[in-house]
Amino acid sequence: MAFDLSDYEPVASRLDRFLKAHPDARVITDLVHYLSDVAVFKCELWLNGEIIATGWAEEIRGQGNVNKTSHVENCETGAVGRALANAGLSGSDFAKRPSREEMGKVQRMQGETNITEIAGLATEKQQNMIRAVCKSMGKVPPHNLQAFSKREASAYIDALKVNLTPAPSYDSPEEPF
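Residues numbered from 1 in each chain as written. Predicted model: local features only at pLDDT ≥ 70, side-chain atom pairs only at ≥ 80, totals over all residues. Heavy atoms only, no water.

(A) Summary view of the environment of Arg61. Relative to the helices and strands, Arg61 resides in the loop between strand 3 (50-60) and helix 2 (66-86). Measuring from C-alpha to C-alpha, the distance between Arg61 and Asn74 comes to 10.0 Å, with 13 residues separating the pair along the chain. Only 3.3 Å separates the side chain of Arg61 from the side chain of Tyr34, close enough to count as a polar contact. (Helix = DSSP H or I, 4+ residues; strand = E, 2+ residues; numbered from the N terminus. Polar contact = N/O pair within 3.5 Å; in protein donor to acceptor, adjacent residues only side chain to side chain.)

Set out below in C-alpha cells:
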C-alpha cells in the first residue's frame, strides 16, 4: 500500500481549526485501557453541553520509533484525530479522512499480522495448549489467560507439565466447567 504522508493533515491542524471555530468547545480524553503495553484512549468532543463526536485509538509500546518513548501520548492524539474526523474535520480532501498520525500508524503496521505478537502477549497456540492441558487435568484455566505474556504462558505450560496427573473421573457425563 503506497501513500504519501504529506497528503494527510495532522491532528494539530484539525484541532486548531476546531477550537478557533468553537472557542467554548471541550475536548475530553480518557485512557480507558492499559495492559501489557497496549493503550486505548477515547476522546469526546463537546459543544454546547452535548457530545458531538467520539474517537478511539489503540497504540502499542515499541511499535515504531514514536511508540518506543511516547505510545500513550501518540494514542491520545490518535483518539482526538478520530473524534475530529467524526465531527467532519477531515481536511480539504474527504478521501483523506484519516489524519497524518493514523496513516503513520498504517505505515508502521505494514508487515505486522498479529497484535498479540506485537504486544508480547501469549500466542493463541499457547493459550489453546493451556486450556487443553487444564481440561485434561480437570483444572479450570486461569481467568486472566488472555493477559498472559509469552513468557508467563511458557512458564505456566512448564508447570503444568511437571504436575501432569490423570484427569479426575466425574460421576456426571457433563464437563466439570
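The rest of the description comes next.
(B) Region of interest: the sheet that holds strand 1 (residues 26-35). Overall, antiparallel pairing links the three strands, which are arranged 1-2-3 in an open sheet. In the strand order of this sheet, the two ends are held by strand 1 and strand 3, each with one partner. Neighbour-to-neighbour, the strand axes of this sheet turn through a mean angle of 15 degrees, independent of strand direction. (Pairing = 2+ DSSP bridges. Axes fitted to C-alpha atoms, helices over the stretch in contact; angles between N-to-C directions.)

(C) Representation of unusual backbone geometry in the model. Despite not being glycine, Asn48 has its phi angle at roughly 55 degrees, a positive value. Structurally, Asn48 is set in the loop between strand 2 (38-47) and strand 3.

(D) Spatial organisation of the environment of Val133. Residue placement: Val133 occurs in helix 5 (residues 124-137). By relative accessible area, which is 16% here, Val133 ends up buried. Sequence separation between Val133 and Lys161 is 28 residues; the distance between their C-alpha atoms is 8.5 Å. (Buried < 20%, exposed > 50% of the residue type's maximum accessible area, 1.4 Å probe, protein only.)

(E) Representation of the nonpolar core within the structure. By size, the foremost hydrophobic cluster in this structure holds 16 residues, and its most contacted members are Phe18, Cys43, Leu45, Cys75, Ala79, Val80 and Leu84. At the level of elements, helix 1 (11-21), strand 2, strand 3 and helix 2 are the ones that each hand at least two residues to this core. Setting aside its immediate chain neighbours within four residues, Cys75 contacts Ala39, Val40, Phe41, Ala57, Glu58 and Glu59. The next biggest cluster of nonpolar side chains, apart from the first, holds 10 residues, and it includes Ala122, Val133, Leu145 and Phe148. (Core = buried A, V, L, I, M, F, W, Y, C linked by side-chain atoms within 4.5 Å. Contact = heavy atoms within 4.5 Å.)

(F) Expanded view of helix 1. Residues of helix 1 that are buried include every one of Val11, Arg14 and Phe18, and no others. All buried residues of helix 1 fall inside an arc of 65 degrees around its axis, so they share one side. Opposite its buried face, helix 1 presents the exposed residues Ala12 and Lys20, each directed more than 90 degrees away. (Arc of directions from axis to C-beta.)

(G) Quick peek at helix 6 (residues 150-162). With 13 residues, helix 6 should reach 18 Å at 1.5 Å per residue; the first-to-last C-alpha distance of 19 Å fits that figure. Taken together, the buried positions of helix 6 are occupied by Ala153, Ile157 and Leu160. All buried residues of helix 6 lie within an arc of 60 degrees about the axis, which places them on one face of the element. Those residues of helix 6 that are exposed and angled more than 90 degrees off the buried face are Arg151 and Val162. Where helix 6 is buried, its residues touch helix 5. (Expected span 1.5 Å × (residues − 1).)

(H) Examining the pairing of strand 2 more closely. With eight of 10 residues buried, strand 2 lies mostly within the body of the structure. Sheet topology note: the strand 1/strand 2 ladder contains nine bridges and is antiparallel. If you follow Arg26 over to strand 2, its bridge partner there is Trp46. Linking strand 1 back to strand 2 in an antiparallel pair, the connection comprises two residues, with Ser36 at a positive phi of about 50 degrees.

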